[in-house]
Amino acid sequence: MNKQTALVVFSGGQDSTTCLFWAKKHFERVHALCFFYGQKHREEVEIARKIAEGAGVPFEVKDVSFIGSLAHNSLTDDSIPMDKEKPEGSVPNTFVPGRNLFFLSIAAVYARELGIHHLVTGVSQTDFSGYPDCRDAFVKSLNVTLNLAMDDTFVIHTPLMWIDKSETWGLADELGILELVRQETLTCYNGIKGDGCGECPACALRLEGLQKYLKEKARPKTK
């Protein structure tokens, strides 16, 4: 198995950008695959392209806009007001059903054509916002399914799976990209780069994590 090259599922947001540079540290060659799935914050595609080019990483976009038409959700349907908090007993309406299932499946087929067996994605069970397709059990299950479906061997890497947003900022800092992530990425569901709108769930989680990390970083170290 080729252990030198990885394909990153890349959106240009905080998590996937951190994973892109994590992959650059751990693999000799890295490719980035981005998706347009009908998202209202479509600016992320061009931001992802710019970040990948700056990192010297080959970049490709796949149009999978059919995903946004399969089910109603506030990320692809302008008529649905966005949930600002997770509803009790259900997933938030920012959940796009099947998104990570499709992304990783398409990424595996694309990677196979390039002779790549390592896939990297920025999902996290610690800060998964109630999205079922960000959980470790889902990723492990899909990894087995992909290997069986294509009679091949893939490894899905999830560097952020067991860390929270504060620790994700810490990892970005360790990788030397904290300011790049803070200024140049797009996490905001309303399509505002950097610190974003400050109101949508993605911005709230990102800002809370950043404040926590900076506070801990500034705390005097005890001997």
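Residues numbered from 1 in each chain as written. Predicted model: local features only at pLDDT ≥ 70, side-chain atom pairs only at ≥ 80, totals over all residues. Heavy atoms only, no water.

**What to know about the UniProt feature "binding site: ATP" (unreviewed entry) in the chain**
Phase 1: Here the UniProt feature "binding site: ATP" (unreviewed entry) sits at Phe10, Ser11, Gly12, Gly13, Gln14, Asp15, Ser16, Thr17, Thr18, Cys19 and Leu20.
Phase 2: Tracing the sequence through the fold places Ser11 in the loop between strand S1 (5–9) and helix H1 (14–26).
Phase 3: Judged by its relative accessible area of 26%, Ser11 falls in the partly exposed class.
Phase 4: Residues in contact with Ser11, not counting those within four places in the same chain, are Ser16, Cys34, Glu44 and Ala48.
Phase 5: A polar contact of 3.3 Å, which involves the side chain of Ser11, links it to the backbone nitrogen of Gly13.
Phase 6: In this structure, Leu20 sits in helix H1.
Phase 7: Leu20 gets classed as buried once you look at its relative accessible area, which sits at 0%.
Phase 8: Setting aside residues no more than four positions away along its own chain, Leu20 makes contact with Val8, Phe10, Val30, Ala32, Ile51, Ala55 and Val57. (UniProt positions renumbered as here; feature names shortened; annotations may be inferred. Helix = DSSP H or I, 4+ residues; strand = E, 2+ residues; numbered from the N terminus. Buried < 20%, exposed > 50% of the residue type's maximum accessible area, 1.4 Å probe, protein only. Contact = heavy atoms within 4.5 Å. Polar contact = N/O pair within 3.5 Å; in protein donor to acceptor, adjacent residues only side chain to side chain.)

**Considerations on helix H4 (residues 99–114)**
Phase 1: End to end, H4 covers 22 Å across 16 residues, agreeing with the expected 22 Å (1.5 Å per residue, within 8%).
Phase 2: Along H4, the residues that are buried comprise Arg99, Asn100, Phe103, Leu104, Ala107, Ala108, Tyr110 and Ala111.
Phase 3: Within two residues after H4, Gly115 carries a phi angle of roughly 75 degrees, on the positive side. (Expected span 1.5 Å × (residues − 1).)

**Re the pairing of strand S3 (residues 59–63)**
Phase 1: Sheet analysis places strand S2 (residues 29–36) next to S3, joined by five bridges and oriented parallel. Looking across to S3, one finds that Phe36 is bridged to Asp63.
Phase 2: Each parallel crossover has a hand, and the one from S2 via helix H2 (residues 43–55) to S3 is right-handed. (Pairing = 2+ DSSP bridges. Right-handed = clockwise from strand over helix to strand, strands pointing away.)

**Examining the sheet that holds S1**
Phase 1: Pairing within the open sheet is parallel, and its five strands lie in the order S3-S2-S1-S4-S5. Two strands close off the open sheet at either side, each with one partner strand: S3 and strand S5 (155–157). Sheet twist, expressed as the mean angle between neighbouring strand axes with direction ignored, is 25 degrees. (Axes fitted to C-alpha atoms, helices over the stretch in contact; angles between N-to-C directions.)

**Notes on H2**
Phase 1: With 13 residues, H2 should cover 18 Å at 1.5 Å per step; its first-to-last C-alpha distance of 19 Å lies within 8% of that length.
Phase 2: When we look at burial in H2, the residues that qualify are Glu44, Val45, Ile47, Ala48, Ile51, Ala52 and Ala55. The buried residues of H2 occupy an angular sector of 165 degrees when the element is viewed end-on, so they sit on one face. In H2, those exposed residues whose orientation departs by more than 90 degrees from the buried face are Lys50, Glu53 and Gly54.
Phase 3: In this structure, the buried side of H2 is in contact with H1, S2, S3 and helix H7 (178–184). (Arc of directions from axis to C-beta.)

**Things to note about the packing of H1 against helix H6 (residues 165–174)**
Phase 1: Put simply, H1 and H6 touch, their axes get as near as 10 Å, and they point 40 degrees apart. In terms of their interaxial angle, H1 and H6 are classed as oblique. Viewed along their axes, H1 and H6 form a crossing whose handedness is left-handed. Residue-level inspection shows Gln14, Asp15 and Thr18 of H1 in contact with H6, the latter providing Lys165, Thr168, Trp169, Leu171 and Ala172.
Phase 2: Tallied by class, residues from the contact of H1 with H6 come to three nonpolar, three polar and two charged. (Parallel < 35°, antiparallel > 145°, perpendicular 65-115°, else oblique. Left-handed = near helix turned anticlockwise from the far one by under 90°. Nonpolar A, V, L, I, M, F, W, Y, C, P; charged D, E, K, R; others polar.)

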